Every structure is written in structure tokens, then in C-alpha cells.
Amino acid sequence: MRPPTTSVAAEATRVVGAARTMRVRSASAPPPGRPVNEDFVFRFGPLAGVLDGATVPEGFDTGCVHGPSWYVRHLAARLGLAEAVRPTATLMSNLAAAILAVRADHGGECDLDHPGTPSSTVCLLRDGGDHLDYLVLCDSPLVLDGGGRISVVTDDRLDAAMAAVRATVAAVPAGSADRLTRFRRAVGVQRERMNRTHGYWVAAADPDAAFHAVTGTLPLRGPGAVRRAALLSDGASALVEQFGLLDWAGLLDVATAQGPGALIDRVRAAERDHPDRLRRHKPADDASVLLCEFDADEP
């Protein structure tokens, strides 16, 4: 019997707010053959989230004794605590508090000013009873079904920064550097643009990054009410953004009808069958899907 693809799978659960019910299902898995998952999915009461830790390329220093999986676990825990202590604070404010708390969790062992310090994308959704608050930082998108249409909340600053990185590396004269040297140059330039104006923003060691997130509030009542939402790491959104095997509506439909784990199964098949479509240097990536469904308006 083939073992299940997903390393983390949550059955549907119910979180009751002032007037709404949010049902949550999730799945998360590392690539085949790798035991450590650098993504993290979580739900604490009305707060749900997906974190995608940045993989450290082999041979690169981070100035830190901890890795991406440690960072995402601690950031998730600190987000849950911030939400419990300050449930009416903005998601930006609670994320900033969580990042600051994780700084302390390092325990003085690490150089937190190092450009390679552990970091993570953040995608959050909070059920407010009659509304939803959301936050997206870096390339973990939020897909929404509401008001009769599908919409996507994205933070495209990493894509813009990477386009600039590719242009910088392409400017290196042909034959003047081997492939590994050019890759190391690209990583160095990317690190220089992290958490900088005209670069991109990600959760790392600087709490100010939280205030550069994409945020908003959406209704859970009325004609524009959100009915479904999917929080994704880029390993899962690749089905749409890189492989082109589904559109956003199709992705939501598969997650709803077959479960988040089915989406990850499709990611693994795509990585195996369509490697030519990948725009990343990794042949496979951690993949995470968190699906939230909301009841229709009650009479």
C-alpha cells in the first residue's frame, strides 16, 4: 500500500465565533525523501495560518544555530500566544510581536543581523464573526471565494526582486563564471534585498517587516460574503503559478471536494511529470494547503 503523501493532515474542525462557524482542513508535506518539513500550518481558535520557511542553499551560512523548521514552529507558537493575549490587535501588530518574541527565543546564540538569518513567508486569516481579517507577507498566496467570484491576495515583491536578481546575474559576462558561482551570486544579491525598501519583505528577525504586509478585511455576511478561502505555500500554489495545471477556481474546487491532501498529491505528480515548467532551483518543494469554509448566512 502506498503511504499517504501528507505528513500533517487535520480533519475538519469547528471554531465558533460571534455569529459564524469556520471549518478548517489542512495538509502539509516535505518533498519525497526529505524528512524535514520547512512549512508549518496551524490554527489557534479563530486564527489560521501557513508559514513557509526559506530553505538555506547548501554551503551558505546563516549566522544562526537554528534552521527554517525551528523558526516556523516558534513563529507559529508566538503568533498563537499573541492572538490569545491581544485578540483585538491588528494582525500586523501581532505578527510584529511574534517576530520580536522569536528574536528572544534565539537566546543570544545567533547573529540576527546576518542576511541569511532564518525567515518565513506568512499567510494569516482570522475569523471575526461577521468579517475576516487577512495578512499576506511574501509569496504564500490567499485564494478567496466570495461574492460570486474568485480572487487572490498576493505579495509580488519577491517576484519583482528575483527578476532584478536574474537581471544582475545575467549581466555577468558569459564564460566568466561557472553555474555554481553564478548561483551563489544570485543568492547573495537576493539576501541583500531582503527586508529592504525596493526589495521584498519576509518574517525574519526585524519586527518592522510585519508592517509591510498586505492586509485587509472582508465580509462574512451579505452578497460579498466569503464562503471559502485557501492559504497556500508556494509549493502548493505552483500547480497554478508554475505548472498551469489548474486555475484558482479549480484549485479551490479540488481542495473542497477531495481535500487539501489531494492537491499535494497533484503537486508531486506535476513535479515528477513536468520538471521543465519549474522556475525554481529545487526539483520539489514543501507544499502546504489550509482550507477554510464558512457557513452560509443564517436566517
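Figured I'd write up the structure that's included with this text. (Residues numbered from 1 in each chain as written. Predicted model: local features only at pLDDT ≥ 70, side-chain atom pairs only at ≥ 80, totals over all residues. Heavy atoms only, no water.)

**As for helix H1 (residues 68–85)**
Compared with an ideal rise of 1.5 Å per residue, which puts 18 residues at 26 Å, H1 spans 26 Å between its outermost C-alpha atoms and is within 8% of the ideal. Within H1, burial applies to Pro68, Ser69, Trp70, Tyr71, Val72, Leu75, Ala76, Leu79, Gly80, Ala82 and Glu83. In this fold, the buried residues of H1 make contact with strand S3 (39–44), strand S4 (47–53), helix H2 (91–105) and strand S5 (120–127). (Helix = DSSP H or I, 4+ residues; strand = E, 2+ residues; numbered from the N terminus. Expected span 1.5 Å × (residues − 1). Buried < 20%, exposed > 50% of the residue type's maximum accessible area, 1.4 Å probe, protein only. Contact = heavy atoms within 4.5 Å.)

**Some remarks on the packing of H1 against H2**
Packed helices, taken two at a time, are described by the angle their axes make and the gap between the axes. Where H1 meets H2, the closest approach of the two axes is 8 Å, and the angle between their N-to-C directions is 130°. Relative to H2, H1 is oriented oblique. Regarding H1 and H2, the two cross each other, and that crossing is right-handed. Residues Trp70, Tyr71, His74, Leu75, Arg78, Leu79, Ala82 and Glu83 of H1 form the contact with H2, whose participating residues are Asn94, Leu95, Ala98, Ile99, Ala101, Val102 and Asp105. (Axes fitted to C-alpha atoms, helices over the stretch in contact; angles between N-to-C directions. Parallel < 35°, antiparallel > 145°, perpendicular 65-115°, else oblique. Left-handed = near helix turned anticlockwise from the far one by under 90°.)

**What to know about the sheet that holds S5**
Pairing in this open sheet of five strands is antiparallel, and the strands run S3-S4-S5-S6-S9 from one edge to the other. One side of each edge strand has no neighbouring strand; the edge strands of this open sheet are S3 and strand S9 (214–219). Going across the sheet, the axis of each strand differs from the next one's by a mean of 10°, ignoring polarity. Note that S5 and strand S6 (residues 131–137) share six bridges and pair antiparallel. The residue of S6 that forms the bridge with Leu124 is Leu135. (Pairing = 2+ DSSP bridges.)

**Here we look at helix H7 (residues 260–273)**
Between the first and last C-alpha of H7 there are 20 Å, a value that for 14 residues agrees with the 20 Å anticipated at 1.5 Å per step. By the burial criterion, the buried members of H7 are Pro260, Ala262, Leu263, Ile264, Val267, Arg268, Ala270 and Glu271.

**Remarks on unusual backbone geometry**
Despite not being glycine, Cys138 has its phi angle at roughly 75°, a positive value. Summarising the element assignment, Cys138 is placed in the loop between S6 and strand S7 (142–146).

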